[in-house]
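Understanding the architecture of this molecule
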Amino acid sequence: GAPIVNSFRYAAMVGRTINTEVQPLGEDAIKGVNYFKEDKAILTVLVVGETARAQNFSLNGYDRETNPMLSRWPILNFENVSSCGTSTAVSLPCMFSSLSRKQYSFEAGIAQQNLLDVLKYAGFEVEWWENNTGHKGIANRVKSRDFAGITAPNFCRKGECDDGIFLPALRTYAESITKDTVVVLHQIGSHGPAYHLRYPPASERFTPACKEADFQQCSTEEIVNAYDNTIAYTDKVLSEIIGFLNAQDDLTTALVYVSDHGESLGEGGLYLHGAPYFLAPEYQTKVPMIVWLSDAYKKQFALDSLCLASQSKAELSHDNFFHSVLGLLNISTMVRNEDLDIFAKCRT
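Below, the structure is looked at part by part. (Residues numbered from 1 in each chain as written. Predicted model: local features only at pLDDT ≥ 70, side-chain atom pairs only at ≥ 80, totals over all residues. Heavy atoms only, no water.)

1. Considerations on helix 5 (residues 166-174)
F166, L167, A169, L170, Y173 and A174 are the residues of helix 5 that are buried. Each buried residue of helix 5 lies within a common arc of 160° when the element is viewed along its axis, so the set occupies one face. As for helix 5, its buried residues are in contact with strand 2 (41-49), strand 4 (125-130), strand 5 (143-146), strand 8 (181-186), helix 6 (220-246) and strand 9 (251-259). (Buried < 20%, exposed > 50% of the residue type's maximum accessible area, 1.4 Å probe, protein only. Helix = DSSP H or I, 4+ residues; strand = E, 2+ residues; numbered from the N terminus. Arc of directions from axis to C-beta. Contact = heavy atoms within 4.5 Å.)

See below:
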């Protein structure tokens, strides 16, 4: 019932804000001095995961190897990150807004510009690439591309595409980059209940896996296996994107990944997500977050990996996302809160 109720709530919220006038945000944003050290363009990829819960990442201690490929890269893994909400409609616009979870409401968020607008004011090329159910208004003022449901036999089955579809497009896009650029990839990720459609059959690692959208037709083991396969596939997709970024000689590259919310897999009788936040278990509110920085990126922006790694167990949340992306990109603006920027203390 929760997804149905949330759908009606979202429709009502949109209806109330149709005539809202959006206020500017971060018009004073400028790039820092680090941009004048090199002549290469910067490419930063922000990957917004879907329904990935932190507890099923082996990087966070899960007893199944769901992150075999990411574990080979020198990534920064943050283990204790909380979401802004338990549904995409809440978490996605909240994390891109300058508002904290306690300050955020749909009406308040829609009434002001967001992170993507600030990046544009700072002089970045910004694009939103969609492989889910929409950007919830975040990308209204930037270029966007919709990958959901396009024709691509290698990645699309039954009218949906898995997230592997991003990499070929990113390869082509990177060839034309001449300006500092931020690309946001909004994944289909681990969106339920049809977990088995989120990864290609060849990427099925854990069996037997549930092949139904009706959980009553599957055992708990089959449901968890199917979900873990989605996490393992996200691991593969992220690793391949990092591999591509790492191989770029003409670009200075970085990647940030964070999920929008978690998922219940039967614990306490709950499935899926969307529970009221004050009642929601941590399975729905604890999300994975990783950062990968190329050597050139760390050097140009004077970032200390050991300092960043020391925050791996710090209590973080979506509140940090807006301010940390601005900090990572060395953008100066009055709307950045240094206390919420995880990179602020780690510049050498």
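2. So, the side chain of Q311
For Q311, the position within the fold is in the loop between helix 9 (305-309) and strand 13 (316-317). By relative accessible area, Q311 is classed as buried at 19%. For Q311, the contacting residues outside a window of four places in its chain are F78, L316, I342 and C346.

3. Some points on the state of the cysteines
Scanning the entire structure with this criterion turns up four disulfides. Each disulfide pairs two cysteine sulfurs, and for C307 the partner residue is C346, the sulfurs being separated by 2.0 Å. Given an S-S torsion of about -70°, the disulfide between C307 and C346 has left-handed geometry. Separated by 39 residues along the polypeptide, C307 in helix 9 and C346 in the segment after strand 14 (331-332) bring together distant segments of the chain. (Disulfide = S-S within 2.5 Å.)

4. Points about the environment of A52
Looking at where A52 falls in the secondary structure, it is placed in the loop between strand 2 and strand 3 (76-82). C-alpha separation for the pair A52 and H191, spaced 139 residues apart in sequence, amounts to 8.2 Å.

5. Things to note about the pattern of salt bridges
Proximity of charged atoms lets side chains of opposite charge pair with each other. Considering all chains together, one arrives at 14 salt bridges under this definition. Residue E160 pairs with R198 through a salt bridge whose shortest N-O separation is 2.4 Å. Pair noted here: E160 is in strand 7 (residues 160-161) and R198 is in the loop between strand 8 and helix 6, with a separation of 38 residues, a long-range link. According to the relative accessible area criterion, E160 is partly exposed, its value standing at 30%. The residue D295 makes a salt bridge to K298 at a minimum N-O spacing of 3.6 Å. You can see D295 and its partner K298 sitting in helix 8 (residues 295-300), three residues apart, about one turn around the helix. The network of salt bridges with common partners includes E125, K143 and K179. (Salt bridge = Lys/Arg side-chain N within 4 Å of Asp/Glu carboxyl O.)

6. What about the side chain of D163?
You can see D163 is positioned in the loop between strand 7 and helix 5. This buried residue, D163, is left without a salt bridge; R198 holds the nearest opposite charge, at 7.9 Å. In contact with D163, other than residues within four places in its own chain, are N131, Q187, I188, G189, Y233 and V237. (Lys, Arg positive; Asp, Glu negative; His and termini not counted.)

Note that all results are geometric; they support no functional claim without further evidence.
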